[in-house]
Amino acid sequence: MSVQRAYDRAKAENRAALVGYLPAGFPSYEGAVKAAKAMVEGGCDVIEIGLPYTDPLMDGPTIQDAVHQALTGGIRLADVFRTVEAVAATGVPTLVMTYYNPVDRYGVDRFARDLLSAGGAGLITPDLTPEEGGEWLAAADAYDLDKVFLVALSSTDERIEKITNVCRGFVYAASLMGVTGARTVVDTGAAHLVERTRKFTSLPVGLGLGVGNGAQAAEVAQFADGVIVGSAFIRRLLDAPSEAEGLTAVRELAAELAEGVRR
Amino acid sequence: MTIDAVRSASAVPDESGHFGLFGGRFAPEALMAALDHLAKEFAAAQQAPEFLAELDDLFTNYAGRPSLLTEAKRFSAHAGGARVLLKREDLNHTGSHKVNNVLGQALLTKRMGKTRIIAETGAGQHGVATATAAALLDLECTVYMGEVDIERQALNVARMRMLGAEVIPVRTGSRTLKDACNEAFRDWVASVDHTHYCIGTVMGPDPFPMMVRQFQRVIGVEAREQVLALTGKLPDAVVACVGGGSNAIGIFHAFIPDEGVRLYGFEAAGDGVETGRHAATITAGSVGVIHGMRTYLLQDDEGQTIESHSISAGLDYPGVGPEHSWLHDTGRADYRPITDAEAMDAFALLCRTEGIIPAIESAHALAGALKVGRELGPEATLVVCLSGRGDKDMHTAAEYFGFMEAGQ
């Protein structure tokens, strides 16, 4: 089921949606499922489950550490699908965010089929553009899955039009030039990018890269339909002295952000 | 020439950067504008007389081109008597073929109005070449290098720092070339406004494989003329080592239309392909996507990259340039593995028979030439790309051959 329903509900409540990211297998298989559920309990409207990959070249040190830990722990694609299944069972739309090669290797059609049967809503593909994404676009349409591509500050209007034309679910606006990781300041170009994107689509526009606290979430919620948070959740888990405290910290952060998007 | 004209001058890549099913542009959206800009500027530069003249002047009066074609008579005796001709890229300024590509891309960086250049490096040869060009053309320079490689190529690290480059150790993953590429891409995504990523080989998203080929093809153009002048005919085989594959594409490209000339690429087999500890991407890999391109790569059944292993830092990479994948699939070139031990034997042999210390990377081509020479026999002529010199490898070689005594 498309994540757009979560965006629609948030819109009906006159607020932005909160989207939380966490890699499967981090800090462990069970730990990730519990943490994602804590994010839902804290108020996330959509969950993105990261598919751990050996060469995450769009990710900063925090996500790299988490993904490395997940891979070292032996996470496999079957575990990723099981994670999606467990999280989607909460009723919150659950996407997978993945670099392209694991999908390509698994078989694009087979991946789409297994994602659907796990209850997944679709894919976010940070290193795939519509030009190279033909096989995925066809599979997503065949299995009724969301296709979330990224637009960037450097994207031309022509490219934004091309990208938004093939998106389903929402459009992921990368708010600053750089890799993932919480920043102290939200880039001022972000609002302009969202505005430019809206010229070409009626899909919701979610803004990611750099948001780490309630105040930033509130700021982004002023102009975007969704606020995407990843590294800050991972940071809470990495810094917690115990798993229980990590889960508490994640739930609290989600609640703080959920309050932020409602300001 | 327009960009289309540059592309159509060769059969590949097509207008979307594909070499058959290989290549393409699997890049983050944040880089797409920069890749388009680069492709346009590259194409414009190819038809700009002042750009071509400046590059030509640097090749001749700075890098020392044309490089020699040296007949290796005593070495030939070990190659089944086949006539072995060495294309001496080791004699270029900075000690390898890498300078050809870097001078081209550094001039392009200036042309694009960018002030900073970044690079990944394995053996350090590309890093040294980039640091050199940056010093010459007054560009800020950052080089990413895996921690393992920093250890085994200490001399080149010192050279880069002397030249004013910042060398950033990469401590993630296998801590070798692959991870240095990841870090360079991460830097570029954040700095693309004022920074050019000078990729060191024929890999990465379009237009890099085509552009680097264009700057390296001088090797084969010269070699073809030189071998014709020396022997009156085309060679029977052209031999090169392949990591990412820029020296190989460089020397192959001018010979691709010459159907009678066999092309051989030798990959690093490390401890042996059967051990799993190798970098023989085409020999033992499968098709996937890495670093912006579709190509053969070393990956497991779920698409996770398998770490490569080679005594040669410059060949220690789990992917390969997409044009090599295409040349392999079309059967135009033949790719074979060479183990660490075979490469080091050939390394010692060239030292002792010709008084030339090759880079360990190039020693893989030499080991391959010994095999090809024995196969083709004494009537055959082989052109071997001696892609770099081995000064940087003295520590590794001394350890390998046991020249390092306790306390020395």
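Whatever comes next refers back to the structure up there.
These remarks concern the structure in this document. Given the structure is predicted, the values throughout are model-derived calculations rather than measurements.

Each value, and the rule that gives it
- Residues numbered from 1 in each chain as written.
- Chains lettered and ligands numbered in written order.
- Predicted model: local features only at pLDDT ≥ 70, side-chain atom pairs only at ≥ 80, totals over all residues.
- Heavy atoms only, no water.
- Axes fitted to C-alpha atoms, helices over the stretch in contact; angles between N-to-C directions.
- Helix = DSSP H or I, 4+ residues; strand = E, 2+ residues; numbered from the N terminus.
- Parallel < 35°, antiparallel > 145°, perpendicular 65-115°, else oblique.
- Left-handed = near helix turned anticlockwise from the far one by under 90°.
- Contact = heavy atoms within 4.5 Å.
- Salt bridge = Lys/Arg side-chain N within 4 Å of Asp/Glu carboxyl O.
- Buried < 20%, exposed > 50% of the residue type's maximum accessible area, 1.4 Å probe, protein only.
- Nonpolar A, V, L, I, M, F, W, Y, C, P; charged D, E, K, R; others polar.
- Phe/Tyr/Trp six-rings, centres within 6.5 Å; stacked < 30°, edge-to-face > 60°.
- Lys NZ or Arg CZ within 6 Å of the ring centre and 35° of its normal.
- Expected span 1.5 Å × (residues − 1).

1. So, the packing of helix α2 (residues 29-42) of chain A against helix α12 (residues 243-260) of chain A
Angle between the axes and distance between the axes: these two values describe a pair of packed helices.
All names here are of chain A.
1) Next: Where α2 contacts α12, the axes come no closer than 7 Å and their chain directions differ by 30°. Judged by the angle between their axes, α2 and α12 are roughly parallel. For the element pair α2 and α12, the recorded crossing hand is right-handed. Within the contact between the two elements, α2 uses G31, K34, A35, A38, M39, E41 and G42 and α12 uses E243, L247, V250, R251, A254, A255 and A258.

2. Some details on the pattern of salt bridges
1) Next: Enumeration over the complete set of coordinates arrives at 49 salt bridges over all chains.
2) Next: Here E259 of chain A ties to R263 of chain A by a salt bridge, and the two come within 3.1 Å at their closest N and O atoms.
3) Next: The class of E259 of chain A is partly exposed, set by a relative accessible area of 41%.
4) Next: Of the charged contacts in the structure, one is a salt bridge between D36 of chain B and R25 of chain B, with a shortest N-O distance of 2.8 Å. Note that D36 of chain B is positioned in helix α2 (residues 29-46) and R25 of chain B in the loop between β2 (22-23) and α2, a separation of 11 residues in sequence.
5) Next: The partly exposed category is assigned to D36 of chain B, whose relative accessible area is 30%.
6) Next: On the accessibility criterion, R25 of chain B (11% relative accessible area) is buried.
7) Next: Within the structure, one salt-bridge network assembled from shared partners comprises R9, E13, R15 and D45 of chain A.

3. Structural notes on the packing of helix α6 (residues 125-137) of chain B against helix α8 (residues 154-162) of chain B
Residue and element names in this part refer to chain B.
1) Next: Between α6 and α8, the shortest axis-to-axis distance is 9 Å and the interhelical angle comes to 10°. Between α6 and α8, the angle is such that the two are roughly parallel. With respect to the hand of their crossing, α6 and α8 are arranged in left-handed fashion. Within the contact between the two elements, α6 uses Q125, G127, V128 and A131 and α8 uses N156, R159 and M160.
2) Next: Its residues assigned to classes, the contact of α6 with α8 comprises 3 nonpolar, 3 polar and 1 charged.

4. Details of the environment of T72 of chain A
Residues and elements named next belong to chain A.
1) Next: Of note, T72 is situated in helix α3 (residues 61-72).
2) Next: Looking at T72, the relative accessible area reads 58%, which means it is exposed.
3) Next: Here the alpha-carbon distance between T72 and S28, two residues 44 residues apart in the chain, equals 9.9 Å.

5. Points about the packing of aromatic side chains
1) Next: Summed over all chains, the structure comprises 17 aromatic pairs over all chains.
2) Next: Measuring from ring centre to ring centre gives 6.1 Å for W188 of chain B and F208 of chain B, while their planes differ by 75°; the resulting arrangement is edge-to-face. Of the two residues, W188 of chain B sits in helix α9 (residues 177-191) while F208 of chain B sits in helix α10 (residues 208-216), which places them 20 residues apart along the sequence. The burial state of W188 of chain B is the same as that of F208 of chain B; both residues are buried.
3) Next: Looking at F208 of chain B, the relative accessible area reads 0%, which means it is buried.
4) Next: Among the aromatic residues, ring-to-ring pairing joins F185, W188, Y197 and F208 of chain B into one connected group.
5) Next: The lysine or arginine in question, R82 of chain A, covers the ring of Y29 of chain A, its NZ or CZ lying 4.2 Å from the ring centre.
6) Next: When the ring centre of Y106 of chain A is taken as origin, the NZ or CZ atom of R110 of chain A, which lies over that ring, is 3.8 Å away.

6. Quick word on helix α5 (residues 98-111) of chain B
All names here are of chain B.
1) Next: End to end, α5 covers 20 Å across 14 residues, agreeing with the expected 20 Å (1.5 Å per residue, within 8%).
2) Next: Among the 14 residues of α5, 12 are classified as buried, and the element is accordingly described as predominantly covered.
3) Next: Phi turns positive, to about 75°, at G113, one or two residues after α5.

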